[in-house]
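Single-letter residue listing:
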Amino acid sequence: MKIGVIGTGYVGMVTAVCLADLGHDVIGTDIDKEKIDKASQGICHIYEPGLEPLLQKNLEKGNLSFSHDLEETIRASDVLFVCVNTPQREDGSADMCYVESTSRSIAENLNKYKVVVEKSTVPVKTSMWIKRTISLYKKGGGEFDVASNPEFLREGTAVADFMHPDRVIIGVETKRAEDVLVKIYDTFKDKILVTNIDTAELIKHASNSFLALKISYINLMAELCEKTDADVELVAKGMGLDERIGERFLRAGLGYGGSCFPKDVRALIKIGEDLGVDLALLKEVDRINTSRIQSYIAKVKKALWIIKDKKVAVLGLAFKPETDDIRNAPSIALIEELQNEGAFLRLYDPEAMDNMRSITPEDPPKIVYTENPYDAVKDANAVLIVTEWEEFRFIDLPKVKDLMANPIIIDGRNVFDPEEVRNLGFEYYSVGRQ
Ligand code: UGA
């Protein structure tokens, strides 16, 4: 069985490499020639721990290859994983034009039976549209099935998530397609849940929105904690000890960012609107999340009073640790606001500085990117912790204090123990704690 992966962005790249590592014969294709050229040479265009060595290993083994030729990839494959991007449109809905054009290409190159598997995060009913498009545009009598196999990978742990899944959801219409997908995921056979296609598509949306809801919920509790003597870390721990709730995704902070949660919550709201179901609950999840950065900026203003001409160190630019991704990162809105207020910004992140430079170029002395966190905090009037990288958790705090003009930390991710940092002489503000 030959597997084609169409789209080698984040999801596609991980899928192609990991399916090859499971022993399958995989070919990846993308319209971006540079991505394909790099991948063919064993260079990964995204930073994802463990992915590049696995890419190189499977290229060498010979069961993974990359091609510029979409049509040839389609013809050569028995199973096609559609991993093209579905960007957000102005009204919050997902733009399906790449899924549609891919479906047409599949139709035009349907030389033998194929299972077309949708892997991108898509609105419920997308598989039906793929099926209709292929049926409309196919020339001969080529047979095919559509299926939904949503991905649940997290950036930063994607390889481990793929190789040790909590569940593998397979949404199918026919036994023939089910057999093909069950065979592909044979290694994880205890984790497979077979459903119909609409259910599989909705499982993905429902899961992401529920996780986003957990985050907004704990952030709301953090606001209550700040008005009382309660500690949100212990509130989350106490809640999480109840197995029905669970402790994960209850970390208060600057809210969720990235390419998935913000987009997916809005897309589900739009799906609800289209289907006549009022998902006001999720509108509130989104509103709470968007307001996080404002409440953080209020803290910065409370600590510094006037921001103009203050030297502010920002530690962490990525939307979360272990990634270079800054899409929907709280750092973007924060930097913009501090720039407008006239601060001198010194920015540091272990991986995401190149990406941030591309949207906020270096502009000394107003915007300076530094080599390390100590350089960033030099003469600073305040340090803002925006991403919880391990590097910051273990930073030499006495050294930081000596380097700063005013030892003020505004910790958006509760990285430090309040008592410990205050004992070292810092003025310390965090989220949902006194
Ligand atoms: C998320 C899901 O976790 C994956 O299961 C899913 O496959 C993926 O979206 C997707 O749809 O492609 P990801 O966006 O990579 O994965 O990152 P997460 O680790 O889920 O974090 C998302 C955001 O929530 C980050 O900004 C993180 O800082 C924030 N977060 C997470 C919190 O603020 N608090 C928490 O307790 C957990």
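The rules we used
- Residues numbered from 1 in each chain as written.
- Predicted model: local features only at pLDDT ≥ 70, side-chain atom pairs only at ≥ 80, totals over all residues.
- Heavy atoms only, no water.
- Helix = DSSP H or I, 4+ residues; strand = E, 2+ residues; numbered from the N terminus.
- Rg over C-alpha atoms; globule rule 2.2 N^0.38 Å.
- Buried < 20%, exposed > 50% of the residue type's maximum accessible area, 1.4 Å probe, protein only.
- Contact = heavy atoms within 4.5 Å.
- Near = heavy atom within 4 Å.
- Polar contact = N/O pair within 3.5 Å; in protein donor to acceptor, adjacent residues only side chain to side chain.
- Areas by Shrake-Rupley, 256 points an atom, 1.4 Å probe, with all protein chains shown as cover.
- Nonpolar A, V, L, I, M, F, W, Y, C, P; charged D, E, K, R; others polar.
- Phe/Tyr/Trp six-rings, centres within 6.5 Å; stacked < 30°, edge-to-face > 60°.
- Lys NZ or Arg CZ within 6 Å of the ring centre and 35° of its normal.
- 1 Å grid on protein atoms, 1.4 Å probe; cavity = no way out; pocket = protein on both sides within 12 Å on 5 of 7 lines; lining within 4 Å.
- Points joined across faces, edges and corners; volume = space filled by probe spheres on them.
- Salt bridge = Lys/Arg side-chain N within 4 Å of Asp/Glu carboxyl O.
- Pairing = 2+ DSSP bridges.
- Axes fitted to C-alpha atoms, helices over the stretch in contact; angles between N-to-C directions.
- Domains from an automatic or database assignment.
- Buried area = accessible area lost by both parts, 1.4 Å probe.

Enquirer: Summarise the overall build of the protein; cite the residues concerned and give the values.
Expert: Broken down by element type, the protein carries 18 helices and 14 strands. Relative to the globule expectation of 22 Å for 434 residues, the C-alpha radius of gyration of the protein, 24 Å, shows essentially globular dimensions. Here the protein, with 434 residues, has 54% of them falling under the buried criterion. Partitioning the intrachain contacts of the protein with sequence separation of at least 6 by distance along the chain shows that 71% fall at a separation of at least 24.

Enquirer: Explain the site of the ligand residue by residue, including any values.
Expert: The local shell around the ligand holds 20 residues, among which Glu151, Leu153, Glu155, Lys204 and Asn208 are the closest. Take Leu153: an N or O atom from its main chain is 2.7 Å from an oxygen atom of the ligand. In this structure, Gly257 approaches the ligand through a main-chain N or O atom, which is 2.8 Å from an oxygen atom. Notes on the ligand: free accessible area 710 Å², of which the protein chains cover 95%. Among the residues forming the shell around the ligand, the class breakdown is nine nonpolar, three polar and eight charged.

Enquirer: Just give me the short version of the side chain of Ser216, but keep the residues and values in it.
Expert: Relative to the assigned elements, Ser216 resides in helix 9 (residues 197-227). Apart from the residues within four sequence positions on either side, Ser216 is in contact with Tyr256, Val285, Ile288 and Asn289.

Enquirer: An account of the packing of aromatic side chains is needed here, citing residue identities and associated values.
Expert: For the structure shown, the criterion picks out six aromatic pairs. Ring geometry for Tyr185 and Phe188: centres 6.4 Å apart, planes at 35°, overall tilted. For the pair Tyr185 and Phe188, one class covers both residues: buried. One aromatic cluster is present, formed by Phe162, Tyr185 and Phe188 through successive ring pairs. Across from the ring centre of Tyr113, 3.4 Å away, lies the NZ or CZ of Arg176, which sits over that ring. If you follow Lys399 out to its NZ or CZ, it ends over the ring of Tyr374, 4.1 Å from the centre.

Enquirer: Any details on the layout of surface pockets? Residues and values, ideally.
Expert: The computed volume of the second largest pocket comes to approximately 460 Å³. What lines the second largest pocket is a set of 23 residues, and nearest its centre among them are Ala94, Met96, Pro123, Thr126 and Trp129. Within the residue set of the lining of the second largest pocket, elements represented by two or more residues are helix 5 (97-108), helix 6 (126-137) and helix 11 (261-275). Partitioning the lining of the second largest pocket into residue classes produces twelve nonpolar, four polar and seven charged.

Enquirer: Give me the lowdown on the pattern of salt bridges, citing residues and values where you can.
Expert: Under the counting rule described, the total for this entry stands at 31 salt bridges. Measuring nitrogen to oxygen at the nearest pair gives 2.6 Å for the salt bridge that ties Lys125 to Asp198. Separated by 73 residues along the polypeptide, Lys125 in the loop between strand 5 (114-118) and helix 6 and Asp198 in helix 9 bring together distant segments of the chain. A salt bridge links Asp274 to Lys270, with the shortest nitrogen-to-oxygen separation between them at 2.9 Å. Taken together, the residues Asp274 and Lys270, both in helix 11 and four residues apart, mark about one turn of the helix. Relative accessible area serves as the criterion here: at 55%, Asp274 is assigned to the exposed category.

Enquirer: Explain the side chain of Lys299 to me, and be specific about the residues and the numbers.
Expert: Within the secondary structure, Lys299 sits in helix 12 (residues 280-304). Residue classification places Lys299 among the buried residues on the basis of a relative accessible area of 12%.

Enquirer: If you had to explain the sheet that holds strand 3 (residues 64-67) to someone new, which residues and values would you point to?
Expert: Paired through backbone hydrogen bonds, the strands of a sheet run either parallel or antiparallel to each other. The strand order 3-2-1-4-5-6-7-8 describes an open sheet built from eight strands, whose pairing is mixed. Strands at the two margins of the open sheet, each flanked by one partner only, are strand 3 and strand 8 (192-195). Pairs of neighbouring strands in the sheet enclose a mean axial angle of 25°, with direction left out of account. Relative to strand 6 (residues 144-148), strand 5 is paired through five bridges, and the arrangement is parallel. Residue pairing in the sheet places Glu118 in a bridge with Ser148 of strand 6.

Enquirer: Which residues make up unusual backbone geometry, and what values go with them?
Expert: Between Pro364 and Pro365 the backbone carries a cis peptide bond, its omega angle lying at 0°. The phi dihedral of Asp379 is positive, around 60°, even though this residue is not glycine. Locating Asp379 in the fold gives a position in the loop between helix 15 (373-377) and strand 12 (382-385).

Enquirer: Describe in detail the domain arrangement of the protein, supporting the description with residues and values.
Expert: Quite often, the size of an interface is put as the accessible area lost when its parts meet. Taken domain by domain, the protein holds domain 1 (2-195), domain 2 (204-290) and domain 3 (292-429). Here the C-alpha centroids of domain 1 and domain 3 sit 38 Å apart. Listed as interface residues are five residues of domain 1 and, on the opposing side, eight residues of domain 3. Both faces considered, domain 1 and domain 3 share a buried interface measuring about 590 Å² in area, 41% of it formed by carbon and sulfur atoms. Counting the surface domain 1 buries against domain 3, the share from its top three residues, Tyr47, Glu155 and Gly156, is 87%. On the surface where domain 1 and domain 3 come into contact, there are one salt bridge. Taking the shortest distance from any N to any O, the salt bridge between Glu155 and Arg327 comes out at 3.8 Å.

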